[in-house]
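Residue-level structural notes
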There are 4 protein chains.
Amino acid sequence: MYSFNNDYSECAHPRILDAIVHANLEQNNCYSQDVHTAHAIQLIHREIEDNTADIHIIPGGTQTNLLVIGSALRPHQAVIAAETGHINVHETGAIEATGHKVLTAASPDGKLTPDLVKQILDSHTDEHMVMPKMVYISNTTEIGTQYTLAELTSLFLFCKKRHLYLFMDGARMGAALTSPANDLTLARIAELTDIFYIGGTKNGAMCGEALVILNPALKEDFRFLMKQRGAMFAKGFILGIQFKELFTDSLFYDLARHSNQMAAILRKGIEECGYAFDSQSVSNQLFPILPDSILPRLSEEFLFSVQKKTDDSHTVIRLVTSWATREEETHRFVRLLKSLSQPNP
Amino acid sequence: MYSFNNDYSECAHPRILDAIVHANLEQNNCYSQDVHTAHAIQLIHREIEDNTADIHIIPGGTQTNLLVIGSALRPHQAVIAAETGHINVHETGAIEATGHKVLTAASPDGKLTPDLVKQILDSHTDEHMVMPKMVYISNTTEIGTQYTLAELTSLFLFCKKRHLYLFMDGARMGAALTSPANDLTLARIAELTDIFYIGGTKNGAMCGEALVILNPALKEDFRFLMKQRGAMFAKGFILGIQFKELFTDSLFYDLARHSNQMAAILRKGIEECGYAFDSQSVSNQLFPILPDSILPRLSEEFLFSVQKKTDDSHTVIRLVTSWATREEETHRFVRLLKSLSQPNP
Amino acid sequence: MYSFNNDYSECAHPRILDAIVHANLEQNNCYSQDVHTAHAIQLIHREIEDNTADIHIIPGGTQTNLLVIGSALRPHQAVIAAETGHINVHETGAIEATGHKVLTAASPDGKLTPDLVKQILDSHTDEHMVMPKMVYISNTTEIGTQYTLAELTSLFLFCKKRHLYLFMDGARMGAALTSPANDLTLARIAELTDIFYIGGTKNGAMCGEALVILNPALKEDFRFLMKQRGAMFAKGFILGIQFKELFTDSLFYDLARHSNQMAAILRKGIEECGYAFDSQSVSNQLFPILPDSILPRLSEEFLFSVQKKTDDSHTVIRLVTSWATREEETHRFVRLLKSLSQPNP
Amino acid sequence: MYSFNNDYSECAHPRILDAIVHANLEQNNCYSQDVHTAHAIQLIHREIEDNTADIHIIPGGTQTNLLVIGSALRPHQAVIAAETGHINVHETGAIEATGHKVLTAASPDGKLTPDLVKQILDSHTDEHMVMPKMVYISNTTEIGTQYTLAELTSLFLFCKKRHLYLFMDGARMGAALTSPANDLTLARIAELTDIFYIGGTKNGAMCGEALVILNPALKEDFRFLMKQRGAMFAKGFILGIQFKELFTDSLFYDLARHSNQMAAILRKGIEECGYAFDSQSVSNQLFPILPDSILPRLSEEFLFSVQKKTDDSHTVIRLVTSWATREEETHRFVRLLKSLSQPNP
């Protein structure tokens, strides 16, 4: 049994674990005020080509989302997301638990555009309705698609014109930046958002999301908020060590590139079998539409998640690859799929 | 200029004001522990044919909604509403401000059905998503439609089967119960909901919504919650006096019936002009689709709210009548509409 | 039986009720955007000698407190109050329910000073603790004392130096401004606070607190917050009419002065009986320390609240007078107290 | 420079890191539904002699506190803590941010007793005040003291009689259970609380607190709450591996015992110098009162935190030892202290 269930089934890339082991018995300052975190921040500053950004490493993604949104908005303000947005569907109402409404736009490709945002603004006109103040996007999105430089530029310019914060959830930032479809860099993203984060958990770290705050209005007192939400790790240096390792050289990108390459093998195999996809992903999450008849056999050999039925006899499944995915397993999957998909003689 | 803007433009029915004036210099117990409130509760108990219900009179509707929902749900639980639901659109995120997500179903007639609720339940399957626990409906709805006995019965039975609370917002309960389409009574509603309220503000009172709690699980410590949300009026007896007057005889129904009758005159006139409606209301809110060309002239004589465009040359407006609407003004409106709608000779 | 239980047992001063009756069948704009409210605001602007203030009339006091504090503070910020402060003790955690800690200072006279506030600031030094950002005071205080011009000036200057908002709860503002000990005016208070309110409920109105926002930082989007908290009355014009009447001439002050004068009669009588007081109030709340032996007899004729035991045989009670207190009842109370307090022959 | 600043300056005990390294490339189920976590839970079940308890491993302590309290209480309910309680002072209002008031009792030894709790209950009598519903204690306390079996029994019995939940914060549970003053076990604690946790972060783990829920009323839907608060780690198996290692044999106790022994060396040395302590700790936190004159020299060699001044020339400092404290450093500290404390010749 091999799992394509998600990109966080293994602990951490060996280089990251080694770095932790290496520093194990050092005495470090706590609460992320240590030298490793300082070094990691320096490396990320270099990467985003902006050393004025405030950078905090947060243990988890849901925590980062609720912290950013809960900290940026006044009580009557709301955040806009795609209907498929992680904060809308898969965080058990974490944003609402901080007091804020999530306004949603239906978006077949999981991405927001100025037009989609504008429709929401246009229907929120007075004090009887919440005031949209932040736009939340994910890159890659929850359905594996990603933003281009042109799309992000146009969305950011619209947000600035309408006094909206633009927040990019980068839990799968690595997958986005190393996909063949990508024309963004961290430096461009730092120019084109108010706040974003670089996911570690889904790209080889044990845990940790590096939050980059660019808009000064969002920086103030952020450590108070972190502490209040339980997002200030006592041993923050463990987070710092990991991001230092990821950005000391190209490790962050190498791991993500591997992940995308493994997905590419699966994608090609699935296409060769003649199956379509529910969303056009060129990153590490694939959503093929498979005949129900072959799912039992596939499930005997591989773990994956079932998303939804498309008709009486077809189902969308999700396959996720990661930095740790073994190439031979992708080939094995493709072989099995092909064998199951052959016309009966 | 005459206003059909809403059903709360006038202060209160003279009988209600008289009752307040009459009791003016009495010394009353405060915080709704007075004899007038006790008497009002007794009258409502009689009306709902259930004297075990807990009844609290709350100053306003948004307050009542946030109080009920915030009190009934645990932090991870959510409330289901129609997309047009007042709590979803017109309360500035009051429900989310108590920490809870509002899950919405698109519903052309503004009503929820077991099927619509079931679809939401079916897509909320594990702890990564909020847990739906309450169903919120309005009667009449925000677009003037209303529930029949059969519809409410089927919805309540479904809720009970799925362990959901059913909450009816009755801000316009009077309009619902006196409309020609109605086959419900307060007594039946008390059997077919877990909690509901009887609106005073929009039916002749200065302010006040009588909340009726039927499910014992929702009764506990409710006065603590009222106080915490600022919903326990110091001079609660003023609320009590008003509901006592409304239910001493048939005043509550008489006022609502007048309101519906005034709307019927408008509806008939609009239909005679050949205009369609955006929703099929037989109560006191009408949503006619009018040609843009006549709106300026109408606006010189009457106040009403503009809802939305249906095409390049037509607009939905909202006309609302009330207990205070003067019959001659409804005729004047119809006359003006007819004169504006005549074919050019 | 006559009640000295509180200052909100009667409905409203007849002039206020008359004004409502007079305007009863007018059609008014809703949600406090009506001409009466506009007029009331104009009168209050004149009274505070500052027509740049934003003024909103809120139905109740707890609502006003939670609205102001919840709107002014970011999530990690806290409000400082005296231990006896209404928000700390008697609002069922309404402030905490908006997410904010109430930091308290022990203060025998119920008032805050720069020193008391400074001690709290000094012990809140880093991001592991909440950040004090607002100072809440009441005038008169919950124990009947009041601020002098000198005290308020020194507290406000300290707050400005330390970047704290100063918020005055004026639920009993009338009693404060008409007490013999007073040297403040609404105009001075408007200079020496960031935000304060003028209580109507406890000074002759049916309901309503006029909130005056002086600091521009606290003005933004306030109507959104009001709506979200259920504090935007549909029939806001009823609040406007009442404050218009209170400030058209000297009615607001006349009612409060009467209340204080009635308390003065009680105070003098109690002193003549040789009883001490638990707090030095010159306003309309008195806290005499009475022998337990006379309480049963007193309770047969008068309602009052029992506060606490001071020793095995003495109890602090609270007596409150109001705009509606009948002078003959104060004399009757004194006579009864004297008769009960005579040495046995 | 050697640090006695706290017990979380080093990463993790080597055996714990080894266990993680060993499992590194395994594919595990996520969100704490893995075999390692299951095994850890089994070991803790054995340790507490109760396999009906629900056990969840949460990344951090503040998170655990806000999760437990926010999940257990209805909106109007409050938690009682000692004034020195971590939730009251050092969590940036995390509890209030979930909507709940922290009621505090002054307690010189940092512990709560039935009497202290009763005083708070006695002063919270009606719906104008919050309703106390949970008692929060820490073991060891924030000032290094700890509960005896007799004390815990009496407090728990009182709580049960008054329908209060008893919640023990065990961030330093190891230090408590291995101190010479201890007569409790995890099994007894499981009998004498409704919910408690076993701290990993401060006793050799990288992170993780094992929360043990005994009272069925507190178990329901707990994973929903975890997810909502961002406390459900994607790679929960990393937490599971650590607690499995801590409880496979006596490691958990061995590490804590070492910590206490290192503190004992410091304590003895300090006592030999004739200095007093601000609190009577027999565990791994010491609060000696030292002359200001020696602090600069001490600070050149050792890190520690300064707590407060006791008079013009003395200061309370905090020294904390841990599983990682090197014995030679404790001796070096004592030698330096003695040399600084010798009478001038």
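Residues numbered from 1 in each chain as written. Chains lettered and ligands numbered in written order. Predicted model: local features only at pLDDT ≥ 70, side-chain atom pairs only at ≥ 80, totals over all residues. Heavy atoms only, no water.

Now for the relation of the copies chain A and chain D. Least-squares fitting of chain A to chain D yields an RMSD of 0.0 Å, with the transformation described by 0.0 Å of translation along the axis and a rotation of 180°. Considering both components of the superposition, the chain copies are consistent with a two-fold axis. The fraction of interface residues of chain A whose copies in chain D are also interface residues reaches 100%, indicating that both copies meet through the same surface. (Least-squares fit on C-alpha atoms with pLDDT ≥ 70 in both. Contact = heavy atoms within 4.5 Å.)

The next thing to look at is the pairing of strand 6 (residues 165-169) of chain B. Residues and elements named next belong to chain B. In terms of burial, strand 6 is largely enclosed, as five of its five residues are buried. Side chains Tyr165, Phe167 and Asp169 project from strand 6 onto one buried face, and the interleaved Leu166 and Met168 project onto a second face that is buried too. Pairing of strand 5 (residues 131-138) with strand 6, which is carried by five bridges, proceeds in the parallel orientation. Residue pairing across strands places Val135 opposite Leu166, the latter belonging to strand 6. In this fold, the crossover linking strand 5 to strand 6 by way of helix 7 (residues 149-161) has right-handed handedness. (Buried < 20%, exposed > 50% of the residue type's maximum accessible area, 1.4 Å probe, protein only. Helix = DSSP H or I, 4+ residues; strand = E, 2+ residues; numbered from the N terminus. Pairing = 2+ DSSP bridges. Right-handed = clockwise from strand over helix to strand, strands pointing away.)

Along helix 1 (residues 14-22) of chain B, the residues classified as buried are Ile16(B), Leu17(B), Ala19(B) and Ile20(B). Seen from one end, helix 1 of chain B has its buried residues packed into an arc of 155°, which puts them on one side. Residues of helix 1 of chain B that are exposed and point over 90 degrees away from its buried face: Asp18(B) and His22(B). Check the buried side of helix 1 of chain B and you find it contacts helix 11 (236-248) and helix 12 (251-272) of chain B together with helix 1 (14-22) of chain C. (Arc of directions from axis to C-beta.)

What follows concerns the packing of helix 12 of chain B against helix 14 (residues 327-341) of chain B. Residues and elements named next belong to chain B. Interhelical geometry of helix 12 versus helix 14 gives an angle of 10° and a closest axis separation of 9 Å. One finds that helix 12 runs roughly parallel with respect to helix 14. Each of Met262, Ile265, Leu266, Gly269, Ile270 and Glu272 in helix 12 lies in contact with helix 14, whose residues at this interface are Glu327, Thr330, His331, Phe333, Val334, Leu337 and Lys338. A breakdown of the residues in the contact of helix 12 with helix 14 according to their chemical character gives seven nonpolar, three polar and three charged. (Axes fitted to C-alpha atoms, helices over the stretch in contact; angles between N-to-C directions. Parallel < 35°, antiparallel > 145°, perpendicular 65-115°, else oblique. Nonpolar A, V, L, I, M, F, W, Y, C, P; charged D, E, K, R; others polar.)

Here we take up the sheet that holds strand 2 (residues 54-58) of chain D. All names here are of chain D. An order of 2-8-7-6-5-3-4 is seen for the seven strands of this open sheet, with the pairing classed as mixed. The sheet is open, and its two edges are formed by strand 2 and strand 4 (102-105), each paired on a single side. Strand-to-strand twist across the sheet, computed as the mean angle between neighbouring axes with direction ignored, equals 25°. One ladder, built from four bridges, connects strand 3 (residues 77-82) with strand 4; its direction is parallel. Looking at strand 4, one finds that Ile80 is bridged to Leu103.

Let us look at the packing of aromatic side chains. In the structure shown here, the tally under the stated rule is 40 aromatic pairs over all chains. Seen in terms of ring centroids, Tyr2(B) and Phe4(B) are 5.4 Å apart; in terms of plane orientation they differ by 70°. Their pairing is edge-to-face. Neither Tyr2(B) nor Phe4(B) differs from the other in exposure class; each is buried. Seen in terms of ring centroids, Phe167(D) and Tyr197(D) are 6.0 Å apart; in terms of plane orientation they differ by 40°. Their pairing is tilted. With Phe167(D) in strand 6 (residues 165-169) and Tyr197(D) in strand 7 (residues 195-199), the pair connects residues that are 30 residues apart, well separated along the chain. As far as burial versus exposure is concerned, Phe167(D) and Tyr197(D) are alike and both buried. (Phe/Tyr/Trp six-rings, centres within 6.5 Å; stacked < 30°, edge-to-face > 60°.)

Turning next to the interface of chain A and chain D. In this assembly, 46 residues from chain A lie in contact with 46 residues from chain D. A buried area of about 3900 Å², summed over both sides, lies between chain A and chain D, and 58% of it is on carbon and sulfur atoms. The tally of links between chain A and chain D comes to zero salt bridges. Viewed at the interface, chain D and chain A are joined by 24 residue pairs in polar contact (both at pLDDT 80 or more). Mapped by element, the contributors of at least two residues to the side of chain A that touches chain D are strand 1 (2-3), helix 1 (14-22), helix 3 (61-72), helix 5 (94-97), helix 10 (222-228) and helix 11 (236-248) of chain A. For the side of chain A that touches chain D, the element with the highest residue contribution is helix 1 of chain A, accounting for four residues. Across the side of chain A that touches chain D, the residue classes break down as 24 nonpolar, 16 polar and six charged. (Buried area = accessible area lost by both parts, 1.4 Å probe. Salt bridge = Lys/Arg side-chain N within 4 Å of Asp/Glu carboxyl O. Polar contact = N/O pair within 3.5 Å; in protein donor to acceptor, adjacent residues only side chain to side chain.)

Now for the relation of the copies chain B and chain C. Turning chain B through 180° and shifting it by 0.0 Å along the axis lays it on chain C, with an RMSD of 0.0 Å. Comparing interface residues between copies, 100% of those in chain B also sit at the interface in chain C, which points to an isologous, same-surface contact.

Let us look at the side chain of Thr321(C). Inspection of the secondary structure puts Thr321(C) in the loop between strand 13 (314-320) and helix 14 (327-341). From its side chain, Thr321(C) meets the backbone oxygen of Ser259(C) in a polar contact 2.7 Å long.

On to the interface of chain B and chain C. In this complex, chain B contributes 46 residues to the contact, which on the side of chain C involves 46 residues. Buried surface at the junction of chain B and chain C, summed over both partners, amounts to about 3900 Å²; 58% is from carbon and sulfur atoms. For the interface between chain B and chain C, the tally reads zero salt bridges. Across the chain B-chain C interface, the total number found is 24 residue pairs in polar contact (both at pLDDT 80 or more). Of all elements in the fold, only strand 1 (2-3), helix 1, helix 3 (61-72), helix 5 (94-97), helix 10 (222-228) and helix 11 of chain B reach the threshold of two or more residues within the side of chain B that touches chain C.

What follows covers the packing of helix 1 (residues 14-22) of chain D against helix 11 (residues 236-248) of chain D. Residue and element names in this part refer to chain D. Running from amino to carboxyl end, helix 1 crosses helix 11 at an angle of 135°, the nearest separation of the two axes being 9 Å. Between helix 1 and helix 11, the angle falls in the class oblique. In this structure, helix 1 crosses over helix 11, and the sense of that crossing is right-handed. The segment helix 1 lies against helix 11, with Arg15, Ile16, Ala19 and Ile20 engaging Ile238, Ile241, Gln242, Glu245 and Leu246. (Left-handed = near helix turned anticlockwise from the far one by under 90°.)

Looking now at the pattern of salt bridges. For the coordinates displayed, the defined rule picks out 80 salt bridges over all chains. We note a salt bridge from Lys101(B) to Glu96(A), for which the minimum N-O separation is 2.6 Å. Highlighted residues: Lys101(B) in the loop between helix 5 and strand 4 (102-105) and Glu96(A) in helix 5, drawn from two different chains. Accessibility assignment for this pair places Lys101(B) and Glu96(A) in one class, buried. A salt bridge links Lys268(A) to Glu272(A), with the shortest nitrogen-to-oxygen separation between them at 2.9 Å. Of this pair, Lys268(A) and Glu272(A) both sit in helix 12 (residues 251-272), four residues apart, which is roughly one turn of that helix. We classify Lys268(A) as exposed; its relative accessible area is 51%. Connected through shared salt-bridge partners, Arg297(A), Glu300(A), Glu301(A), Arg326(A), Glu328(A), Glu329(A) and Arg332(A) make up one network.

Right, let's talk about the environment of Pro14(A) for a bit. Residues and elements named next belong to chain A. Take Pro14: it is sitting in helix 1. Exposure remark for Pro14: the relative accessible area of 34% places this residue in the partly exposed category. The spatial distance from the C-alpha of Pro14 to the C-alpha of Ala205 is 9.5 Å, given a sequence separation of 191 residues.

To continue, consider the sheet that holds strand 3 (residues 77-82) of chain C. All names here are of chain C. Strand order in the open sheet formed by seven strands is 2-8-7-6-5-3-4, and the pairing between neighbours is mixed. Both edges of this open sheet fall to strand 2 (54-58) and strand 4 (102-105), since each of them pairs with a single strand only. Averaged over all neighbouring strand pairs, the angle between strand axes comes to 25°, with direction disregarded. When strand 3 meets strand 5 (residues 131-138), the two strands line up parallel, connected through four bridges. Each bridged residue has a counterpart across the sheet, and for Gln77 the counterpart in strand 5 is Met131. Lying over the sheet, helix 7 (residues 149-161) contacts strand 5 and strand 6 (165-169), oriented at roughly 145° with respect to strand 6.

With respect to the helices and strands, Glu91(A) occurs in the loop between helix 4 (86-89) and helix 5. Buried charge Glu91(A) goes without a salt bridge, the closest partner of opposite sign being Lys227(D) at 5.8 Å. Among the polar contacts made by the side chain of Glu91(A), one reaches the side chain of His86(A) at a distance of 2.5 Å. Discounting residues that sit within four places of it in the chain, Glu91(A) has contacts with Thr62(A), Asn65(A), His86(A), His128(B), Lys227(D) and Gln228(D). (Lys, Arg positive; Asp, Glu negative; His and termini not counted.)

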